[in-house]
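Geometric and topological summary
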Amino acid sequence: MIRRLLCLLALIAAPALAADALRPPLLLTGARANVQDLSGRWTYSKDLYRTGFTDINGWVAKSRMQRHRDVDVAAEEGKPGPAFFEFDLDRGPAMDIPGAWNSATPELRYFDGLIWFQRRFDAPMKTGQRSFLRFEAVNYRAYVYLNGKEVGRHEGGFTPFVVEVTDTLRAQGNRLVVGVDSKHDADSVPGEITDWDLYGGITRPVKLIQTPATFIDDATLRLNDAGRLVGSLQLNGPQAANRAVNLRIAGLNLTLPARTDANGEARFDVAAPAGLKRWSPDAPTLYDVEFDAGDDKVRDRIGFRTIAVRGSEILLNGQPIFLKGICIHEEEIGPNPARRIDDAAARRLLGEVKNGLHGNYVRLSHYPHNEAMLRAADEIGLLVWSEIPVYWTVNWDNPATLGLARRMQAETIYRDRNRASVVLWSIGNETPVADNRTRFHTALAETVRALDPSRLISAALLVERKGDTIHIADPLLKELDVIAVNTYAGWYGDDTLEAVGKLRWEVPADKPLLFSEFGADAQVGFRDATLRRKFSEDYQADYYRATLAMAAKVPTLRGLSPWVLKDFRSPRREHPVFQNGWNRKGLISETGQRKLAFEVVAEHYKARAK
Ligand code: GCU
């Protein structure tokens, strides 16, 4: 009996314990002092055969090819002797970082492999302080060397990671070398085939962060369903335990002292002040929150709101809401996107949703987006669906792949849990129903619940079709708070648009339903008012009229995110007239030109109730 009880306890505790184990060892979230942005021109060296790691016959690389070495090649070449080199990052070509290499030069357009990047920099040094490098994202594998020493590595193209360099950093002439391998494989997340571009490289900012010996690694605060502000602060360092800390929200005239426990964690739990204004898309109120641990302070701009489901309703701050949205890929508007999303690029994209489409919601597909998008969504008032790239098929039977997906989910949650805009964690997109796939997703759902019980769980599911009836019969449904489906009748397949209007939906009545994707390609400027053929703006507009009319008849539908705001790069789309490497389902072209369908969606959202 005792043994059974212990097993049961282990099973129950497993996700929570496992969740703690999923916390990245270093986070360094929030705004803080002593941050040096290393964006700018980085030199690079292509390494298609990975000779920087291994040489012929799988032998360890020859030193003349090891890009990570802390060596001044030109100076060495000035000396007599037999040594020679077959790389030189000091004299190599350069590109702007952050940004994907595929957009940097024509020769790198479809380069898929290993490229070494280098950044030289000086660093202010103060005795007793600690130094870290924080990478916002490197796609897909990163190998980090500082002054010739390996200091860290990371797998996953869309989440931040931190490496400590206290003992390796020097005041002058640091040589930061990062090997970036864009190759995906059968065990990666996502797998090898996606409907989006390669975008290899250091695609988001890299920062040098210097802190006191004991510092605030992470701090979080939210409004819970009982109307209380709850959160925590985690110190890292020799004086982390039993330390006095303060939480301050000047806008609420609130100062809350607390003390860290033996693990360096302090918890906050206080009734929300009466004057607190809740965050919503219509009133995106954010408060400047300061977490103070004496010689280290961290600030964040946080909105306070609640999100829940009640039967088939989605409740924001206790009120039913309909999500009027659209899907977005991480590409800035322009003819040659490099995944270079700064605040201005984010606001330009999201402005099309908020002001152009009269939307209140975005599905940031199919992976965690640049933090600038989440912060812009907080500021301008858009709800967010956040997704990890468990996309189409991954290796459902490989525990390492599941571990990687769970870690990506954790890295996303720890980065974004202070963002009021994020209301949905999506654990996958269009994965074919099978027992091993459902077990994989169930484990991910448990991870989300253990790490962040305050938000909703969803996934973009495939549907089953029998004649004119569409069913959702997915064993994963019981793990989801919100059901979401991708539906393309009228584009893929042979339905006429008239047939779309006759489609019937058989869906569970006890949960909210979202149409997480629907859409049609159109090349901007291709008008075909008479025949209204596919790839014309006219057909795309007709498709939206028919699909929105069909959607309006689904009783538990609580949100829409058509596929997709903007035409985006995809190597799967090679029609020589209409596509040329672009998926054309955007409501706007890659340069921001609105298509006829844009107004169809905007009018629909304008007419819809809140
Ligand atoms: C799929 C998939 C998208 C893809 C889209 C399309 O549903 O989720 O990533 O781009 O449909 O076919 O255009």
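Residues numbered from 1 in each chain as written. Predicted model: local features only at pLDDT ≥ 70, side-chain atom pairs only at ≥ 80, totals over all residues. Heavy atoms only, no water.

Naming follows an unreviewed UniProt entry, where the protein appears as Beta-glucuronidase of Pelomonas aquatica. Database annotation for the protein, UniProt heading Sequence similarities (unreviewed entry): "Belongs to the glycosyl hydrolase 2 family." (UniProt positions renumbered as here; feature names shortened; annotations may be inferred.)

Considerations on the overall build of the protein
A count of helical and extended segments in the protein gives nine helices and 33 strands. Here the C-alpha atoms of the protein give a radius of gyration of 25 Å, agreeing with the 25 Å that 2.2 N^0.38 yields for 610 residues. Taken across its 610 residues, the protein has 61% of its residues classed as buried. Considering only intrachain contacts with a sequence separation of at least 6, the fraction spanning at least 24 residues in the protein is 72%. Carbon together with sulfur atoms contributes 54% to the accessible area of the protein, which is approximately 24,000 Å² in total. A distance of 3 Å separates the average location of the 81 positive side-chain charges in the protein from that of its 78 negative side-chain charges. (Helix = DSSP H or I, 4+ residues; strand = E, 2+ residues; numbered from the N terminus. Rg over C-alpha atoms; globule rule 2.2 N^0.38 Å. Buried < 20%, exposed > 50% of the residue type's maximum accessible area, 1.4 Å probe, protein only. Contact = heavy atoms within 4.5 Å. Areas by Shrake-Rupley, 256 points an atom, 1.4 Å probe, with all protein chains shown as cover. Lys, Arg positive; Asp, Glu negative; His and termini not counted. Charge placed at Lys NZ, Arg CZ, Asp CG, Glu CD.)

Looking at the sheet that holds strand β12 (residues 228–236)
Spatially, β11-β12-β15 is the arrangement adopted by the three strands of the open sheet, whose pairing is antiparallel. On the outer flanks of this sheet lie β11 (215–223) and β15 (265–271), each paired with one strand and no other. Neighbour-to-neighbour, the strand axes of the sheet open up by a mean angle of 10°, direction not taken into account. Taken together, the eight bridges between β11 and β12 define a ladder with antiparallel strand orientation. Within β12, the position partnered with R222 by the bridge is V230. (Pairing = 2+ DSSP bridges. Axes fitted to C-alpha atoms, helices over the stretch in contact; angles between N-to-C directions.)

Some thoughts on empty space enclosed by the protein
Enumeration according to the criterion identifies three cavities of 30 Å³ or more in this entry. Around the largest cavity sit 16 residues that line it, and T29, G30, A219, D300 and N418 are the ones nearest its centre. Taken together, the elements giving at least two residues each to the lining of the largest cavity come down to β11, β17 (297–302), α4 (371–380) and α5 (399–416). Ranked by residues supplied to the lining of the largest cavity, first place goes to β17 with three residues. Here the residues of the lining of the largest cavity sort into four nonpolar, three polar and nine charged. When we break the lining of the largest cavity down by domain, the ones giving at least three residues each are domain 2 (215–307) and domain 3 (322–607). Here the second largest cavity defines a volume of roughly 40 Å³. (1 Å grid on protein atoms, 1.4 Å probe; cavity = no way out; pocket = protein on both sides within 12 Å on 5 of 7 lines; lining within 4 Å. Points joined across faces, edges and corners; volume = space filled by probe spheres on them. Nonpolar A, V, L, I, M, F, W, Y, C, P; charged D, E, K, R; others polar. Domains from an automatic or database assignment.)

As for the domain arrangement of the protein
Taken domain by domain, the protein comprises domain 1 (31–210), domain 2 (215–307) and domain 3 (322–607). Of note, the centres of domain 1 and domain 3, computed from C-alpha atoms alone, are 33 Å apart. Across the contact, 31 residues belong to domain 1 and 38 residues belong to domain 3. By the criterion of area lost to domain 3, the three top residues of domain 1 are V189, D195 and W196, representing 26% of everything that side buries. Counting the contacts that link domain 1 with domain 3 gives four salt bridges. (Buried area = accessible area lost by both parts, 1.4 Å probe. Salt bridge = Lys/Arg side-chain N within 4 Å of Asp/Glu carboxyl O.)

Observations concerning the site of the ligand
The environment of the ligand is made up of 14 residues, and the closest members are D195, H366, E430, Y492 and E517. In this structure, N583 approaches the ligand through a side-chain N or O atom, which is 2.8 Å from an oxygen atom. Take K585: an N or O atom from its side chain is 2.7 Å from an oxygen atom of the ligand. Out of a free accessible area of 320 Å², the ligand has 97% covered by protein chains. Of the residues belonging to the shell around the ligand, the class tally is five nonpolar, four polar and five charged. (Near = heavy atom within 4 Å. Polar contact = N/O pair within 3.5 Å; in protein donor to acceptor, adjacent residues only side chain to side chain.)

Looking at the pairing of strand β13 (residues 244–249)
Of the two faces of β13, only one is covered, namely that formed by V245, L247 and I249; the face formed by A244, N246 and R248 stays uncovered. Relative to strand β14 (residues 254–259), β13 runs antiparallel, the two sharing six bridges. In the sheet register, R248 faces β14, and the bridge partner there is T255. Connecting β13 to the antiparallel partner β14 that follows it, the hairpin turn spans four residues, and N253 within it adopts a positive phi of roughly 55°. Summarising the sheet, β13 and strand β16 (residues 287–292) pair through four bridges and their orientation is antiparallel. By the bridge assignment for β16, L247 is matched with F291.

Some points on the packing of aromatic side chains
Under the criterion given, the structure shown has 26 aromatic pairs. Relative to F291, the ring of F268 lies with its centre 6.2 Å away and its plane at 40°, an arrangement referred to as tilted. Taken together, the residues F268 in strand β15 and F291 in strand β16 connect sequence positions 23 residues apart. For F291, a relative accessible area of 1% translates into the label buried. Three or more aromatic residues link up through ring pairs in this structure, and these residues are F158, W196, Y367, Y391 and W392. The side chain of R109 reaches across the aromatic face of Y110, ending 4.6 Å from its centre. (Phe/Tyr/Trp six-rings, centres within 6.5 Å; stacked < 30°, edge-to-face > 60°. Lys NZ or Arg CZ within 6 Å of the ring centre and 35° of its normal.)

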